[in-house]
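Structural description and commentary
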Amino acid sequence: MSSTVGQVIKCKAAVAWEAGKPLVIEEVEVAPPQAQEVRLKILYTSLCHTDVYFWEAKGQTPLFPRIFGHEAGGVVESVGEGVTDLAPGDHVLPVFTGECRECAHCKSPDSNMCDLLRINPDRGVMISDGKARFSKDGKPIYHFLGTSTFSQYTVVHVGCVAKINPSAPLDKACVISCGISTGYGACVNVAKPPKGSSVAVFGLGAVGLAAAEGARASGASRIIGVDLNASRFELAKQFGVTEFVNPADHKKPVQEVIAEMTNGGVDRSIECTGNVRAMISAFECVHDGWGVAVLVGVPSKDDEFKTHPMNFLNERTLKGTFYGNYKPRTDIPGVVEKYMNKELELEKFITHTVPFSEINKAFDYMLRGEGLRCIIKMDD
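Heads up: these notes are all about the structure in this document. (Residues numbered from 1 in each chain as written. Predicted model: local features only at pLDDT ≥ 70, side-chain atom pairs only at ≥ 80, totals over all residues. Heavy atoms only, no water.)

Section: the nonpolar core
So the rule is basically this: In plain words, nonpolar cores are sets of buried Ala, Val, Leu, Ile, Met, Phe, Trp, Tyr and Cys residues tied together by side-chain atoms within 4.5 Å. Each residue gets one of three labels from its accessible area relative to the maximum for its type: buried under 20%, exposed over 50%, partly exposed in between, using a 1.4 Å probe on protein chains only.
Residues Phe150 and Ile270 are the most contacted members of the largest nonpolar core, which totals 104 residues. With 15 residues, the next largest nonpolar core counts Phe202, Val245, Val257 and Ala293 among its residues.

Considering the environment of Ala13
Stated precisely, the cut-off is as follows: Helix and strand definitions here come from DSSP, where helices need a minimum of 4 consecutive H or I residues and strands a minimum of 2 consecutive E residues; each element is numbered from the N-terminal end. Contacts are assigned to residue pairs with any non-hydrogen atoms lying within 4.5 Å of each other.
Looking at the element boundaries, Ala13 is found in strand β1 (residues 9-15). Linking Ala13 and Pro62, residues 49 residues apart in sequence, is a C-alpha distance of 19 Å. Residues within four places of Ala13 in sequence aside, it is in contact with Val24, Ile25, Glu26, Val28, Ile67, Phe150, Ser151 and Phe356.

Quick notes on empty space enclosed by the protein
Applicable threshold: Here a cavity means grid points, on a 1 Å grid over the protein atoms only, where a 1.4 Å probe fits yet cannot get out; a pocket means an open set of points with protein on both sides within 12 Å along at least five of seven lines; lining residues are those with an atom within 4 Å of a point. Grid points are joined across faces, edges and corners, and a volume is the space filled by probe spheres set on the points. Basically, the charged four are Asp, Glu, Lys and Arg, the nonpolar ten are Ala, Val, Leu, Ile, Met, Phe, Trp, Tyr, Cys and Pro, and anything else, Gly included, counts as polar.
Enumeration over the complete set of coordinates arrives at two cavities of 30 Å³ or more. Space inside the largest cavity adds up to approximately 160 Å³. Lining the largest cavity are 15 residues, with Arg123, Val125, Ile127, Gly146 and His157 sitting closest to its centre. Here the residues of the lining of the largest cavity sort into eight nonpolar, four polar and three charged. Each pocket or cavity is described by its volume, and for the second largest cavity that value is around 40 Å³. Along its surface, the second largest cavity is lined by Phe54, Ala57, Gln60, Thr61, Pro62, Leu63, Phe64, Arg66 and Phe68. In terms of residue class, the lining of the second largest cavity is built from six nonpolar, two polar and one charged.

Details of the sheet that holds β1
We count it as follows: For two strands to be treated as a pair, DSSP must find no fewer than two bridges joining them. A fitted line through C-alpha atoms serves as each axis, taken over the contacting stretch for helices, and the angle formed by two N-to-C directions is quoted from 0 to 180°.
The strand order across the open sheet formed by four strands is β1-β2-β6-β7, and the pairing between neighbours is antiparallel. Both outer strands of the open sheet, β1 and β7 (139-141), are each paired with one neighbouring strand and no more. Adjacent strand axes in the sheet meet at a mean angle of 50° when their direction is disregarded. Both strand β2 (residues 24-30) and strand β6 (residues 134-136) contribute to a ladder of two bridges, which runs antiparallel. Bridge assignment links Glu29 to a residue of β6, and that residue is Ser135.

Shape descriptors only; they carry no functional weight alone.
In structure tokens, the structure reads:
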């Protein structure tokens, strides 16, 4: 690796030239890391729904050409000026949000919303100088979420890199860098269901199933999965889901159905769909006096959350969470250790594997709603 330090690296990257069109494997140039930046060799990446959402560019400002990808595992190739806690050869997970360790949020034990490095999907360049580190034929290619892992090499701010146990298999641990941590953390860090409690999970995609996994690990006795796709129910049993409710099967609001099933409501609920009606149902289905609802999904920009104030006065609690309340650099190495200690199962989230040359297959799987996570091997 030392021969590439300080040099421009040529490598393969999957470039999105325009919205909704198949990615194209191109040879790109990746500049060396600048101050407080790290250049990574990406070994495995996976496709998250967020990548697809911004690739389709429906309802946002399109930014192309762009290299997507933000859920990945790799090795440090070189570090920029001022980087002291990472070195070439370290095994790492790049993360779409960061931890500068200097701002008020980073210094607070209650927040992971870094002022400097929190998620910004509209930014396609590096923070330090406002320039891209990717180029082709002398023209810049934009970054995505500060990570751009659909490239064999990428440059990331040091605050968005979690150093992990080098014994952890990166083809499994890579899924911790986004969706699994988001759902699992929403449950264990925010909802905090007591042992023996009841939990409703709205949305049984990868994030919702990670939330269910967190409820199972917490010792919940009833885990009710709520989803409009009945085909997801059988798979959800592997993640601890004990009962299923399809809102389409009932004439009354699903929160009333759940309240009847649970003698007044569940102890905890976790919403993982981004649908505002599901968010309202998730809040209104928790028990008065002690029920806690946690919102994970990202709503549309014009959505409004409406519920009667008495739902709050009757001592229901509504919380939101971002990235499972995990601080990337501080907490994510510990999540990897949970996997290494067999406290967290990752294999069951991984349903497909494809070589980098076939990355568009991963998009096809997700667009058809097949599987949970598709791992993309970057070294082909």
